[in-house]
Amino acid sequence: MEHVPQSETVGAIERTFDVATGRRLRQGIGFTLAGAVVTWIGLVISAAYIAAGQGGFSPLPGLVLGIGLVLLMFGVVRLAQSALRPQERFDIGEHGLVHHTARGDRVVPWTQIAEVRELGVTRSGDLAVWLGIALRAVIVVRGARNIRFNSLAGDANLLLWSIQQHTARR
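Let us look at the structure shown here. Since the model is a prediction, treat every value here as computed from it, not as a measurement.

Attention now goes to the nonpolar core. Grouped together as the largest cluster of nonpolar side chains are 21 residues, with contacts concentrated most on Phe90, Leu97, Ile139, Phe149, Leu159 and Ile163. At the level of elements, strand 2 (89–93), strand 5 (113–118), strand 6 (136–141), strand 7 (147–150) and helix 5 (156–168) are the ones that each hand at least two residues to this core. Top element by residues in this core is helix 5. It accounts for 4 residues. Discounting residues that sit within four places of it in the chain, Phe149 has contacts with Phe90, Leu135, Arg136, Ala137, Ile139, Ala156, Leu159, Leu160 and Ile163.

In structure tokens:
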């Protein structure tokens, strides 16, 4: 992380985009616990089917296990994101952006951004926004690690648009 006074590198801050890091942590805890419970139930159902020794096929154990594992995986990803990017925020300045986390600030001038693009399809609906999957994007930084954000960033569409507008001007 670069520790340069942001006023010297990015100029005046035009807009700030806070990331819902508390929601990310709550989602991680909730989905991990729900995934563990549903996976346990799936294992119990599977054991019951095996113990009963009934012939034939039933999709129920596999379905319950699959749902549990997906919930568990999503929860673990959210917990990892919460640990790796605590107190995340994006500041858009006239000459670049600053990616803040509790671990430090990363200053990226507009000239260092090769591109910014959406990942996958933009989804609509309150649930997609709440989960942080309505919009996913990556900022490709020349010669450095890329920066990713999603709809957990406040007004993620405006954040994406702002970065695209600034990088298109160069």
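With that settled, consider the pairing of strand 3 (residues 96–101). Here strand 3 lies mainly inside the structure; 6 of its 6 residues are buried. Residues of strand 3 alternate between two faces, with Gly96, Val98 and His100 on one and Leu97, His99 and Thr101 on the opposite face, all of them buried. Hairpin connection between strand 2 and strand 3: a loop of 2 residues separates the two successive antiparallel strands. Connecting strand 3 to the next strand, strand 4 (residues 104–109), in antiparallel fashion are 2 residues.

To continue, consider the pattern of salt bridges. Pairs may arise between side chains of opposite charge once their charged atoms sit close together. Counting across every chain of the model gives 4 salt bridges. We note a salt bridge from Glu88 to Arg85, for which the minimum N-O separation is 3.9 Å. Residues Glu88 and Arg85 agree in their burial class; the two are buried.

As a further point, take the side chain of Glu88. Residue placement: Glu88 occurs in the loop between helix 3 (60–84) and strand 2. A polar contact is formed between the side chain of Glu88 and the side chain of His99, at a distance of 2.6 Å.

In space, the 3 strands of this open sheet follow the order 5-6-7, with antiparallel pairing throughout. At either margin of the open sheet sits one strand with a lone partner, and together these are strand 5 and strand 7. Between one strand and the next, the sheet's axes are offset by a mean angle of 15 degrees, whatever the strand orientation. With 5 bridges connecting them, strand 5 and strand 6 associate as antiparallel partners. When the sheet's bridge partners are listed, Ile113 is paired in strand 6 with Val141. Contacts between helix 5 and the sheet are confined to strand 5, strand 6 and strand 7, with strand 5 contributing the most and set at about 150 degrees to the helix.

This next bit is on the environment of Arg106. With respect to the helices, strands and loops of the structure, Arg106 is situated in strand 4. In this structure Arg106 comes out as buried when scored by relative accessible area, which is 10%. Separated by 43 residues in the primary sequence, Arg106 and Leu63 have C-alpha atoms spaced 43 Å apart. At 2.4 Å, the side chain of Arg106 and the backbone oxygen of Arg145 are in polar contact.

The rules behind these values
Just so you know, the residues in each chain are numbered from 1, in the order the chain's sequence is written. Restriction of local features to residues with pLDDT of at least 70 applies here, the model being predicted, together with a cutoff of 80 or more for giving and counting side-chain atom pairs; totals for whole chains, interfaces and linings are based on all residues. Each side-chain value is derived from all of the structure's non-hydrogen atoms; neither hydrogens nor water enter the calculation. Grouping buried Ala, Val, Leu, Ile, Met, Phe, Trp, Tyr and Cys residues that are joined through side-chain atoms within 4.5 Å yields what is termed a nonpolar core. Burial classes: relative accessible area under 20% of the type maximum marks a residue as buried, over 50% as exposed, and values in between as partly exposed (1.4 Å probe, protein chains only). Labels follow the DSSP assignment, with helices taken as runs of H or I lasting at least four residues and strands as runs of E lasting at least two, numbered in each case from the N terminus. Here, two residues are considered to be in contact whenever any of their heavy atoms come within 4.5 Å of each other. Here, strands pair whenever DSSP counts at least two bridges between them. Any carboxyl oxygen of Asp or Glu within 4 Å of a side-chain nitrogen of Lys or Arg constitutes a salt bridge here. The term polar contact refers here to a pair of N or O atoms within 3.5 Å; inside protein, the definition further demands a hydrogen-donor-capable atom paired with an acceptor-capable atom, and it admits residues adjacent in sequence only when both atoms are side-chain atoms. In this analysis, axes come from line fits to C-alpha atoms, helices being fitted only over the stretch in contact, and the angle between any two N-to-C directions falls in the range 0 to 180 degrees.

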